[in-house]
Amino acid sequence: MTEDLTGHPTGPAGPSPTGPDPYDNRRQVLYWRLLARLFDGEEQPALESASLGVVEDIGLPSALLDPGTSLDSVVQRHPELAEEFDGLMTPDDDAGGSRDRAAEVRRAALVSKVLLNVFATGSSTVTAEQLARWQSDAGWLERALGGPPGGLRGGRAAGAGLDAGGLGPELAAIEADLVGRMRLREVLADPALAARLTPSMSLIEQLLRDKGNLSGVALANAKSLIRRYVDEVAEVLRTQVEKATVGELDRSVPPKRVFRNLDLDRTIWKNLTNWSPEEERLYVDRLYYRHTVRRTTPQRLIVVVDQSGSMVDSMVNCTVLASIFAGLPKVDVHLIAYDTRSIDLTPWVHDPFDVLLRTNLGGGNDGPVAMAMARPKIAEPKNTVMVWISDFYEFDRSQPLFEGIEAVHRSGVKFIPVGSVTSSGRQEVNPWFRERFKALGTPVVSGHVSKLVHELKTFLT
């Protein structure tokens, strides 16, 4: 007996118990087609024909094999498939060890569709519609990996905790390449095309870099996209700030004697000696109330952000985060951005959109220049926290910057070095600085934005 590429027997006899598993053959056909498409892009007739036979035989739509059909379109036509894509690529928790061969073939067809749409992006010019479609398909990949759309690329799902083996930076790089291949200025000049764009970190970076070359309708559309993205990030970060640990209860302030603060459990416990068995009644001599006032010492937060080209994610997240903390009572927030020069953005700290429009991403960096602007802002060291966000690649200025940081730390300022403030947690820090920060007792905070939120909220409230 022989078998064709789809795993069907071609002879009169049934499958041999010692022969190839037809289900394995089918999975191999689908994955060989995926690899051929990813690395070549040209249609391989034999693989295409065999894959079509497999897909149709297991009851899946042939649209799964069309690279030009988005996952949104597939799910719109076949809504029953939506649930199958959710968690599609997460580990199987089958404790029994048994394998459902037919299910594996079906999964191979669905996985191939997701991977092909996300990773086979070609090399030609990209339209606004193509970028939007890719962003949507990337969202389906993130869902297949067990997270929400945006969970790997940041933005609205910042802090979702999705890792997927470091895939986030790769998706961000693909998206940046697509944005770079798009005639962005032409798209922005057309309101209909601009409306198709979905704000993302890669798109915002390109807009911030190119804003000096935009005018009229194109500039207005660019500002609208930046504003939308800033608002989305702010919504996520504000929720994280609200959920973060807050300051300790201030027991030096008597509890407010109102009903909503009444501690019923403690009141009953403390008055149990007044229980009358005959009357089955508890007589209360004293009411106990909960403390609700928390310590809120006036604090000063100084945020220094490296705005060189590699730090755009941090720049966006930190300007939004600074504006949120600036809205807290008794927190005095100052914001400084720097490359080879430094700029004091404190007057605009309440509006991250305005801050971003005033930044000039790119160029080198000169940390000592930023430190010279930041140090005069320290009025009461014990009441000051300084957050410094950078990769700390200062080259010949490394020693002067570290000496300035060391002096600030020893004066009593709480110094928090951060490698980057991203949604994925990816960070890169100069090993020379990393070791010295560790020895100083101020280790570099993880690059995940939620970790910084926790550090700041605990200290400032």
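Note that this is a predicted model, so its numbers are computed, not measured. (Residues numbered from 1 in each chain as written. Predicted model: local features only at pLDDT ≥ 70, side-chain atom pairs only at ≥ 80, totals over all residues. Heavy atoms only, no water.)

(A) Focus on the sheet that holds strand 4 (residues 331-338). One open sheet holds the five strands; their spatial order is 5-4-3-6-7, and the pairing between them is mixed. Strands with a single pairing partner mark the edges of an open sheet, and in this sheet they are strand 5 (342-344) and strand 7 (414-418). For this sheet, the mean inter-axis angle between neighbouring strands, taken without regard to orientation, is 20°. The pairing of strand 6 (residues 384-389) with strand 7 spans five bridges and is parallel. In the sheet register, valine 385 faces strand 7, and the bridge partner there is lysine 414. (Pairing = 2+ DSSP bridges. Helix = DSSP H or I, 4+ residues; strand = E, 2+ residues; numbered from the N terminus. Axes fitted to C-alpha atoms, helices over the stretch in contact; angles between N-to-C directions.)

(B) Focus on a nonpolar patch on the surface. Taken together, the side chains of Trp32, Leu35 and Phe39 present a nonpolar region at the surface, about 400 Å² in accessible area. Given a relative accessible area of 53%, tryptophan 32 falls into the exposed group. (Patch = residues over 30% accessible without salt bridge, like charges linked within 9 Å, V, L, I, M, F, W, Y side chains within 5 Å. Areas by Shrake-Rupley, 256 points an atom, 1.4 Å probe, with all protein chains shown as cover. Salt bridge = Lys/Arg side-chain N within 4 Å of Asp/Glu carboxyl O. Buried < 20%, exposed > 50% of the residue type's maximum accessible area, 1.4 Å probe, protein only.)

(C) Summary view of the pairing of strand 6. Where burial is concerned, most of strand 6 is hidden: six out of the six residues are buried. By the alternation rule, side chains of strand 6 split into Thr384, Met386 and Trp388 and Val385, Val387 and Ile389, which are all buried. Of the pairings in the sheet, the one linking strand 3 (residues 299-306) to strand 6 comprises six bridges and is parallel in character. Bridge assignment links isoleucine 302 to a residue of strand 6, and that residue is methionine 386. Taken together, strand 6, helix 16 (residues 398-410) and strand 7 form a β-α-β motif whose crossover is right-handed. (Right-handed = clockwise from strand over helix to strand, strands pointing away.)

(D) Local environment of the pattern of salt bridges. Counting across every chain of the model gives 20 salt bridges. In this structure, arginine 410 engages glutamate 406 in a salt bridge whose closest nitrogen and oxygen atoms are separated by 3.2 Å. On the criterion of helical spacing, the pair formed by arginine 410 and glutamate 406 is a turn pair, its members being four residues apart in helix 16. Since its relative accessible area comes to 59%, arginine 410 is described here as exposed.

(E) Expanded view of the packing of aromatic side chains. Overall, the coordinates contain ten aromatic pairs when judged by the stated rule. Ring centres 5.6 Å apart and planes at 65° place the aromatic pair phenylalanine 85 and tryptophan 140 in the edge-to-face group. Here phenylalanine 85, found in helix 4 (residues 82-85), pairs with tryptophan 140, found in helix 6 (residues 128-144); they are 55 residues apart in sequence, far enough to count as distant. In this structure, phenylalanine 85 and tryptophan 140 share a single accessibility class: buried. Pairing phenylalanine 402 with phenylalanine 433 gives two aromatic rings, centres 6.4 Å apart and planes at 70°, and the pair type is edge-to-face. With phenylalanine 402 in helix 16 and phenylalanine 433 in helix 17 (residues 431-440), this residue pair connects regions lying 31 residues apart in the sequence. Across the pair, exposure class does not vary: phenylalanine 402 and phenylalanine 433 are buried alike. (Phe/Tyr/Trp six-rings, centres within 6.5 Å; stacked < 30°, edge-to-face > 60°.)

(F) Main features of helix 5 (residues 101-119). Over its 19 residues, helix 5 extends 26 Å from the first C-alpha to the last, a length consistent with the 27 Å expected when each residue adds 1.5 Å. Listing the buried residues of helix 5 in full gives Val105, Ala108, Ala109, Leu110, Val111, Ser112, Lys113, Val114, Leu115, Leu116, Asn117 and Val118. In this structure aspartate 100 caps helix 5, since a side-chain oxygen of it lies 3.3 Å from the backbone nitrogen of alanine 102. (Expected span 1.5 Å × (residues − 1). Polar contact = N/O pair within 3.5 Å; in protein donor to acceptor, adjacent residues only side chain to side chain.)

(G) Layout of the nonpolar core. In this structure, Phe85 and Leu197 are the most contacted members of the largest nonpolar core, which totals 90 residues. Not counting the four nearest positions on each side in its chain, phenylalanine 85 is found in contact with Leu64, Leu71, Val75, Leu110, Val114, Trp140, Arg143 and Ala144. In this structure, Ala374, Ile378, Trp388 and Phe415 belong to the second largest nonpolar core, which totals 22 residues. (Core = buried A, V, L, I, M, F, W, Y, C linked by side-chain atoms within 4.5 Å. Contact = heavy atoms within 4.5 Å.)

(H) Quick peek at the environment of leucine 38. Among the secondary structure elements, leucine 38 is positioned in helix 1 (residues 22-39). Leucine 38 gets classed as partly exposed once you look at its relative accessible area, which sits at 30%. Dropping the residues within four chain positions of it, leucine 38 is found in contact with Leu115, Leu116, Phe119 and Ala120.

That is the geometry; function is a separate question.
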